[in-house]
Amino acid sequence: MGTFLVRKRVEGRSERTLGLYNLHLRRMLQCLNKPVQEITEGDLFLYIERYKRQRQVSGVYLDSIRLVFSSFFGWLNAKGYIRKNPAAGLDPIKTEKRIKKPLSDIELEKLRRKCGLERDLALVEFLYSTGVRVSELVALNRQDIDFANMDVIVYGKGAKERETYLTAASCMHLKEYLDSRRDDNEALFVSLRAPHKRLTVSGVEEILRRLGRCTGIEKVHPHRFRRTMATNILNKGMPIEEVKEILGHVKLDTTMIYCQVGRENVKHSHRKYMSA
């Protein structure tokens, strides 16, 4: 298992993803308590069924475990460590398709007005403007921002570099926040109290949860800003292929899941393209 995790790290998987791989594989191997060469499809099926029953997890979470097993045993099979991949026959676990709503314009404005700190306002504007993942956000440094061209280079999944952009509002608030700081930390966003450490993923999430509680808006989290930005620029006419590039998605299908195209936008497009 150690070699498999090393390979995944080299492929650019995040430490959080590696931790989940390690957790689920270790649990499964300890529970089955047999060499990988002897593990069967039935063993894995019963393990997943028992895991669901005992832990009451969602279908989405359960399917992520199945994908971990598929990746691990697929790698073992490809490298010749096992003769047959026991995870190959595990069907995808059906999950309830829930529509994840983006923030409305009014909700965005409420969040902006509740930001009592310049840091928090800069954070909200930055997340909405760039659509970056929270893991990408907390890794950014001051020098990564090009204020002249209003853009920023981020390093996404698989250590892939991409360019994303600042609006005039996000550029202004970010500059005011950075100018107000008196610390020498290179991190783009830091904690309020000395020694002003780099904000963590959980730190960013807590800031947004607090804003959500103050405004009465449910489910205010970093990913929702990413979804909101993608939906809004698509509804305003940006080609989905370009939205895909900004978000750093590999597949167009992933971008389509992110975006909610407004019904009025669809109606307008139908009239435009179907007119004689």
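In case you missed it, the structure is sitting above this.
Quick caveat: nothing in here was measured; it's all calculated off a predicted structure.

Take the nonpolar core next. Phe126, Leu174, Phe189 and Phe225 are the most contacted members of the largest nonpolar core, which totals 43 residues. Contributions of two or more residues to this core are made by α5 (105–114), α6 (118–130), α7 (134–139), β2 (151–155), α8 (168–180), α9 (201–215), α10 (222–235) and α11 (240–247). Looking at this core, the element that brings in the most residues is α6, giving seven residues. Discounting residues that sit within four places of it in the chain, Phe225 has contacts with Leu103, Leu108, Leu111, Val124, Leu127, Tyr128, Leu208 and Val220. In terms of nonpolar packing, the next biggest core, distinct from the first, is built from 23 residues, Phe4, Leu62, Trp75 and Ala87 among them.

On the basis of which strands lie adjacent, the open sheet formed by three strands has the order β1-β2-β3 and antiparallel pairing. Strands with a single pairing partner mark the edges of an open sheet, and in this sheet they are β1 (145–146) and β3 (161–165). Pairing of β2 with β3 involves five bridges; the strand directions are antiparallel. Within the sheet, the bridge partner assigned to Val152 lies in β3 and is Thr164. Its contacts with the sheet place α6 against β1, β2 and β3, and it is angled at close to 115° to β3.

Within α11, burial applies to Ile240, Val243, Lys244, Ile246 and Leu247. Buried residues along α11 cover an arc of 165° about the axis, so they all sit on one side. Gly248, located one to two residues past α11, shows a positive phi value of around 80°.

The first and last C-alpha atoms of α6 sit 18 Å apart over 13 residues, in line with the 18 Å expected at 1.5 Å per residue. By the burial criterion, the buried members of α6 are Arg119, Asp120, Leu121, Ala122, Leu123, Val124, Glu125, Phe126, Leu127, Tyr128, Ser129 and Thr130. Residue Gly131 follows α6 closely and has a positive phi angle near 70°.

For the peptide bond that leads from Ala194 to Pro195, omega is 10°, which places it in the cis range. The residue Pro195 is located in the loop between α8 and α9 in this model. The phi angle at Gln56 is positive, at roughly 55°, despite the residue not being glycine. Topologically, Gln56 is positioned in the loop between α3 (41–55) and α4 (59–78). Note on Gln56: relative accessible area 64%, which makes it exposed. Unusually for a residue other than glycine, Lys219 sits at a positive phi of about 55°.

Reading the values: rules and limits
- Residues numbered from 1 in each chain as written.
- Predicted model: local features only at pLDDT ≥ 70, side-chain atom pairs only at ≥ 80, totals over all residues.
- Heavy atoms only, no water.
- Core = buried A, V, L, I, M, F, W, Y, C linked by side-chain atoms within 4.5 Å.
- Buried < 20%, exposed > 50% of the residue type's maximum accessible area, 1.4 Å probe, protein only.
- Helix = DSSP H or I, 4+ residues; strand = E, 2+ residues; numbered from the N terminus.
- Contact = heavy atoms within 4.5 Å.
- Pairing = 2+ DSSP bridges.
- Axes fitted to C-alpha atoms, helices over the stretch in contact; angles between N-to-C directions.
- Arc of directions from axis to C-beta.
- Expected span 1.5 Å × (residues − 1).

In short, geometric facts, not functional conclusions.
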